[in-house]
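Take a look at the letters that make up each chain.
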Amino acid sequence: MTPDLSVEVGGLKLRGPVLAASGTFGYGTEVPLLERRALAGMVSKGIFLKPRAGTAPSRIVETPSGMLNAIGLQGPGVDALIRDYAPKWEAWDFPVLVNINGESASEYGELAARLDGVPGVAGFEINISCPNVEQGGMYFGNDPRAAAAVTEAVRRRTKLPVWVKLTPMVSDIGVIARAVEGAGADALSAVNTFVGMSMDLHAYQPRLSFRTGGLSGPAIRPLAVHLAHQAARAVDIPVVGVGGIMRAEDALEFLVAGCPAVQVGTATFVNPNAIADVHDGIAEFMARKGFASLDELPRYLPRD
Amino acid sequence: MWVLGFAAPDIAASVKAGQFVNIGMRPGPLLRRPFSVYRAGDDRIEVLLKAVGVGTAQMLAMREGDVASCLGPLGRGFDLTLSAKTVSLVSGGLGVAPMPLAARDARAAGLQVTWVHGARTADELCSETEGDEVILATDDGSAGFAGTVVAAAPDADLVLACGPNRMLAAAAQRWPQAQVAVETYMGCGTGVCLGCAVPLTRGGYDRACTEGPVYVASDVDWPALPSHLSYAVSA
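Residues numbered from 1 in each chain as written. Chains lettered and ligands numbered in written order. Predicted model: local features only at pLDDT ≥ 70, side-chain atom pairs only at ≥ 80, totals over all residues.

Trainee: Please provide a residue-by-residue account of the overall build of chain A, values included.
Mentor: A count of helical and extended segments in chain A gives nine helices and 16 strands. Expected size for 304 residues packed as a compact globule is a radius of gyration near 19 Å; at 18 Å, chain A falls within 12% of this value. For chain A, the spread of C-alpha atoms along the principal axes amounts to about 55 × 45 × 45 Å. Buried positions account for 60% of the 304 residues belonging to chain A. Sequence-distant contacts in chain A: of pairs separated by 6 or more residues, those separated by 24 or more amount to 72%. (Helix = DSSP H or I, 4+ residues; strand = E, 2+ residues; numbered from the N terminus. Rg over C-alpha atoms; globule rule 2.2 N^0.38 Å. Buried ≥ 20, exposed ≤ 12 C-beta atoms within 10 Å, placed from the backbone. Contact = placed C-beta atoms within 7 Å.)

Next up, the structure:
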């Protein structure tokens with residue numbers, strides 16, 4: 001018997017537990033070779049109201065079991081997104097959440113208002129955790145009041161599901177998680193990349209032009225599992241796990257840690273079919289263990 | 001400098017000069033490594049490499065029969081459909097990698113091919129050449145022309161160049177219309193990660209893996225493109 005992998009997360013019914021993480025799947029038209037039957041949903045590349053050029057190269061470097069990136073949220077702006085991509089999304093058989101960004105709470109709110117009701121837009125992921133912008137981004141995400149203000153500004157402008165992507169660069173993720181839950185978030189994504197740095201021993205300067213970058217990949221997985229788990233213990237809304245998932249077993253760690261679903265990111269760069277491989281591996285695990293649905297998967301989520 | 005061959009029938013049948021493959025290995029580094037296709041035919045492709053970091057060192061440790069994942073052909077290659085009678089293929093060091101296919105395609109288009117290849121020393125020259133005329137150059141004068149390939153190359157209706165970005169910047173000064181294949185760090189190779197940004201003279205960036213790696217030289221903002229890539233890398 002094929003196990004039922006469908007889940008409901010933060011107001012969205014999903015056909016499976018594996019979504020594409022923001023910034024690793026473009027606007028959904030770029031990744032070749034993925035078997036999309038397995039794709040439960042997609043979070044778009046982060047978008048601002050206006051087009052953004054992004055940071056100067058070098059933008060990425062590989063590190064042990066990971067990579068640092070400082071792309072700087074390069075993107076065409078919301079008008080182009082609505083014109084060029086949303087009409088395609090409307091025809092797809094999985095929901096697309098738009099990852100929204102701003103330099104002030106009101107910019108986030110305005111973006112949500114612009115996108116609310118646009119066919120093809122199923123919901124939002126508020127990015128208060130990008131480490132690679134000079135204004136906003138992570139600086140909203142490590143202050144509970146600012147995080148709540150941004151969430152509230154979006155919540156006021158839309159009835160669509162609102163997810164909030166959290167930064168790991170905080171002393172207590174539970175504080176931020178509770179703040180955005182209180183401000184009306186339907187779900188959380190935990191976590192964005194960790195801030196890291198790598199030095200060029202030839203040029204005696206950082207290898208990234210932005211100096212620092214966001215660390216992703218298997219290097220961060222145990223850190224991310226811990227933070228997703230901490231967030232899940234702190235709130236009643238669902239926490240979508242993200243960070244370094246390469247294989248089904250990695251995703252299952254997040255599920256057992258208390259997440260109803262996960263996002264796969266950097267793995268797609270390496271293996272364009274990673275999402276399908278993770279999905280199929282979860283199905284195989286469930287079948288082997290005799291679970292008929294994800295509700296039957298035991299979770300480790302003690303309440304304090 | 002080594003040649004590595006892979007059985008890859010689909011890529012071999014469709015690859016154009018200047019296109020690349022993104023090669024991954026398990027075990028191996030996390031990210032794939034991009035390589036210009038050096039030669040193609042008989043269901044096989046070849047890439048040219050030397051050990052510049054951990055990833056390439058691991059590739060060179062592969063043995064006959066080992067399996068690697070080859071994603072490709074990727075990117076936009078050289079455009080040989082322009083009306084021309086002569087072409088100079090100008091390469092520095094490992095930048096020779098796309099040139100055998102460029103020579104093949106140029107000959108097929110009926111062009112007279114001048115092969116201009118340079119390196120720091122005679123030892124670092126690629127020994128395989130393919131052209132109606134061959135010009136070699138070394139920085140130290142140990143073989144051929146003493147000086148840069150850009151100085152050694154004759155003018156031609158069409159100039160195709162590949163090599164270190166510093167060399168390509170010099171080529172851009174002499175031949176603004178040259179087609180040059182740039183070198184960048186690359187993540188996915190398929191246009192998603194936006195890691196391989198190439199700064200453009202008209203402003204903004206595009207992706208070496210998708211809009212490139214071949215550019216009209218005058219379209220690239222050379223001072224903003226890193227001229228040195230550090231391959232210290234990882235395990």
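Here the narrative resumes.
Trainee: Describe the pairing of strand 5 (residues 60–63) of chain A, and please don't skip the residues or the numbers.
Mentor: All names here are of chain A. With burial as the criterion, each face of strand 5 is covered, one bearing Ile60 and Glu62 and the other bearing Val61 and Thr63. Alignment of strand 5 against strand 6 (residues 66–69), held across four bridges, turns out to be antiparallel. The residue bridging Thr63 from the neighbouring strand is Gly66, located in strand 6. Taken together, strand 5 and the strand that follows it, strand 6, pair antiparallel across an intervening segment of two residues, in which Ser65 is found at a positive phi of about 55°. (Pairing = 2+ DSSP bridges.)

Trainee: Provide a residue-level description of the domain arrangement of chain B, including the pertinent values.
Mentor: Residues and elements named next belong to chain B. Each assigned domain of chain B is listed here: domain 1 (2–74) and domain 2 (86–224). Facing the 18 residues of domain 1 at the interface are 16 residues of domain 2. Looking at the side of domain 1 that touches domain 2, the elements that each hand over two or more residues are strand 2 (20–24), strand 3 (33–41) and strand 5 (69–74). Counting residues per element, the side of domain 1 that touches domain 2 draws most heavily on strand 3, which supplies seven residues. (Domains from an automatic or database assignment.)

Trainee: Which residues make up the interface of chain A and chain B, and what values do they have?
Mentor: In this assembly, 32 residues from chain A lie in contact with 28 residues from chain B. For the side of chain A that touches chain B, the secondary-structure elements that each account for two or more residues are strand 5, strand 6 and helix 8 (266–270) of chain A. Across the side of chain A that touches chain B, the residue classes tally to 16 nonpolar, eleven polar and five charged. (Nonpolar A, V, L, I, M, F, W, Y, C, P; charged D, E, K, R; others polar.)

Trainee: Residue-level account of helix 6 (residues 221–234) of chain A, with values.
Mentor: Residue and element names in this part refer to chain A. Relative to the 20 Å expected for 14 residues at 1.5 Å per residue, helix 6 spans 20 Å between its end C-alpha atoms, a close match to the ideal helical length. Along helix 6, the residues that are buried comprise Arg221, Ala224, Val225, Leu227, Ala228, His229, Ala231, Ala232 and Ala234. Those residues of helix 6 hidden inside the fold are in contact with strand 9 (162–166), helix 5 (173–182), strand 10 (187–190), strand 15 (239–242) and helix 7 (248–256). (Expected span 1.5 Å × (residues − 1).)

Trainee: Would you mind going over the sheet that holds strand 8 (residues 123–127) of chain A in detail, with residue names and values included?
Mentor: Residues and elements named next belong to chain A. A barrel is described by the order of its strands in space; here eight strands give the closed sequence 3-4-7-8-9-10-15-16, paired in parallel fashion. Here the strands of the sheet are splayed against their neighbours by 25° on average, with no regard to which way each runs. Two strands pair when backbone bridges link them, and strand 9 and strand 10 are joined in this way by four bridges, in the parallel orientation. The residue of strand 10 that forms the bridge with Val164 is Leu188. Against the sheet, helix 2 (residues 105–115) touches strand 7 (96–100) and strand 8, its axis set at about 155° to strand 7. The sheet strands contacting helix 5 are strand 9 and strand 10, and the helix crosses strand 9 at an angle near 160°. (Axes fitted to C-alpha atoms, helices over the stretch in contact; angles between N-to-C directions.)

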